[in-house]
Amino acid sequence: MKKSLTLIIACLFTFSGYTQAIYESFRSIKLDQNRELKIQLPRNYKKNVDKTYPLIIVLDGDYLFEPVAGNVDYFSYWEDMPESIVVGVNQRKTKVDDCRYDEGQYLPTLKGAAFFEFIGQELLPYLNQTYRTAQLKIIVGHDYTGNFMNYFLFKDNPIFQGYICLSPELAPPMAERISQKLGSSSDIWYYLATATNDAEGIKNSVRDLDEKIKGIDNPDTHYFFDDFDESSHYTLVGRGIPKALEAIFEMYRPISKKTYKEVILPLETSAYDYLVDMYKTTEQLYGIKRQIRVNDFIAISTAIEKNKKWEDLESLGKLAIKEHPDTMLGHYYLAMFYEQTGEPKKAMRSYENGFQLSEIAFLTKDYMLDKVNKIKEDFGW
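Being a predicted model, the structure only gives us computed values, none of them experimental.

Considerations on the nonpolar core
Membership of the largest hydrophobic core comes to 47 residues, with the highest contact counts inside it found for Ile 57, Ile 85, Ile 119, Tyr 163, Ile 178 and Tyr 190. Looking at this core, the elements that each hand over two or more residues are β2 (33-40), β3 (53-58), β4 (85-89), α4 (111-130), β6 (162-168), α6 (174-184), β7 (188-197) and α7 (200-214). Considering each element in turn, this core owes the most residues, eight residues, to α4. Apart from residues no more than four positions distant in its own chain, Ile 85 is found in contact with Ile 39, Gln 40, Leu 41, Pro 42, Tyr 45, Tyr 53, Pro 54, Leu 55, Ile 56, Tyr 131, Arg 132 and Thr 133. With 38 residues, the next largest nonpolar core counts Ala 271, Val 294, Ala 299 and Met 336 among its residues.

Right under this line is the structure:
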């Protein structure tokens with residue numbers, strides 16, 4: 001019992017070590033003061049020295065950082081989103097001044113203008129220089145900061161591509177400005193949330209904004225909205241963060257059973273082309289080049305077999321050899337292609353080539369050897 005308890009405690013400490021926050025004090029010239037930052041790096045950041053990561057800036061970092069960082073770590077662990085760098089900006093004593101806007105044009109003023117410049121001209125350049133950040137950058141805000149974060153959207157070339165806007169206390173013209181901007185934006189993800197028990201004024205303005213955005217006809221804007229039942233201004237945050245991450249990174253996730261059944265199996269075009277296009281699209285959208293998952297290869301090969309489109313197997317095999325060169329996968333697909341197209345000697349050679357490489361998924365050395373022996377038996381070799 002004592003041994004088991006010790007092991008559990010050790011595992012907990014080991015796990016927490018992976019996701020432990022780094023605390024930094026950043027000297028801002030724009031604000032003429034130090035700002036406290038919380039930073040969570042991906043679990044294998046130090047090992048993957050050539051890899052870059054999306055950057056997520058969390059305003060209200062004193063209470064929003066932990067739920068965002070925790071969800072990011074969880075989703076990325078299961079490959080439902082890319083590993084990301086999460087940076088929280090603490091604003092417990094400064095939020096009102098940081099988010100200040102004038103009553104005429106409703107644009108950042110005084111400390112609000114300085115805070116806006118701090119994020120764009122000081123913090124982001126520092127993070128890009130210090131850490132291996134990718135092209136994709138996301139900002140998260142709630143209440144006052146949920147309104148303030150939208151000012152970054154209005155720049156000619158927005159420095160953030162993703163916006164997670166949780167129950168924002170919107171400035172009077174903000175709904176009109178946001179909808180106009182999203183109507184002409186390119187590759188912007190925008191998540192908005194309120195709830196039935198949200199503050200009445202906030203709830204009504206957010207629902208009004210939702211109606212305006214829904215009227216936009218712009219395929220390059222990826223918009224998502226939640227109106228949570230029975231949640232409050234504060235509890236909706238815990239529900240909104242995972243929903244936002246799921247929505248923004250929908251294209252990143254592995255091929256699901258639903259996508260396989262409803263999209264890939266009925267395809268009249270090439271399933272191989274679908275796989276290649278899917279990874280090209282995610283690279284364009286998120287700015288992240290990644291290795292094609294083994295499970296995605298298996299989903300596509302299964303569809304090819306069911307639809308008997310054997311010519312796709314040759315292309316799939318060559319791609320698998322390129323993506324997973326040390327494994328049996330690509331040689332197995334080439335062997336299947338040769339078997340189905342009447343070239344047993346080539347098939348046997350491909351199975352033999354695969355036999356010498358690492359086992360992967362359902363492919364074992366015994367399985368590959370059985371395939372070779374079956375061909376020899378069938379043809380009397």
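Now that the structure has been shown, the text picks up again.
Structural notes on the sheet that holds strand β1 (residues 22-28)
With respect to topology, eight strands assemble into an open sheet ordered β1-β2-β4-β3-β5-β6-β7-β8, the strand pairing being mixed. Each edge of the sheet is formed by a strand with only one pairing partner; in this case those strands are β1 and β8 (221-232). Strand-to-strand twist across the sheet, computed as the mean angle between neighbouring axes with direction ignored, equals 20°. With six bridges joining them, strand β5 (residues 133-143) and β6 adopt parallel strand pairing. Note on β6: the bridge partner recorded for Ile 139 is Tyr 163.

Thoughts on helix α12 (residues 311-323)
Spacing of three or four residues puts side chains on the same side of an α-helix, whose turn is 3.6 residues. The terminal C-alpha atoms of α12, which comprises 13 residues, lie 19 Å apart, in line with the 18 Å expected from a rise of 1.5 Å per residue. All of the buried residues along α12 are Asp 312, Leu 313, Leu 316, Gly 317, Leu 319, Ala 320 and Glu 323. Structurally, α12 contributes buried residues whose contacts are with α10 (271-286), α11 (294-307) and α13 (329-340).

A short note on the pairing of β8
Bridge count for β7 against β8 is nine bridges, and the pairing is parallel. Paired with Thr 194 across the strands is Asp 227, a residue of β8. Taken together, β7, α7 and β8 form a β-α-β motif whose crossover is right-handed.

What counts and how
- Numbering of residues starts from 1 in each chain and follows the order in which that chain's sequence is written.
- Under the rules for a predicted model, residues below a pLDDT of 70 receive no local features and side-chain atom pairs below 80 are neither given nor counted, while totals for whole chains, interfaces and linings still include all residues.
- As a rule here, side-chain values come from all non-hydrogen atoms in the structure, and water together with hydrogens is ignored.
- The term nonpolar core refers to a set of buried residues drawn from Ala, Val, Leu, Ile, Met, Phe, Trp, Tyr and Cys, joined through side-chain atoms within 4.5 Å.
- Partly exposed residues are those whose accessible area sits between 20% and 50% of the maximum for their type, while under 20% is buried and over 50% is exposed, using a 1.4 Å probe and protein chains only.
- A run of DSSP states H or I qualifies as a helix once it reaches four residues; a run of E qualifies as a strand once it reaches two. Both are numbered from the N-terminal end.
- Residues count as neighbours in contact if any of their non-hydrogen atoms are within 4.5 Å of one another.
- Whether two strands pair depends on DSSP finding at least two bridges between them.
- Note on definitions: angles span 0 to 180 degrees between N-to-C directions of axes, and those axes are lines fitted to C-alpha atoms, for helices only across the stretch in contact.
- Expected helix span is taken as 1.5 Å per residue step, with the number of steps being one fewer than the number of residues.
- Crossovers are marked right-handed if the path from the first strand over the helix to the second runs clockwise, as seen with the strands pointing away from the viewer.

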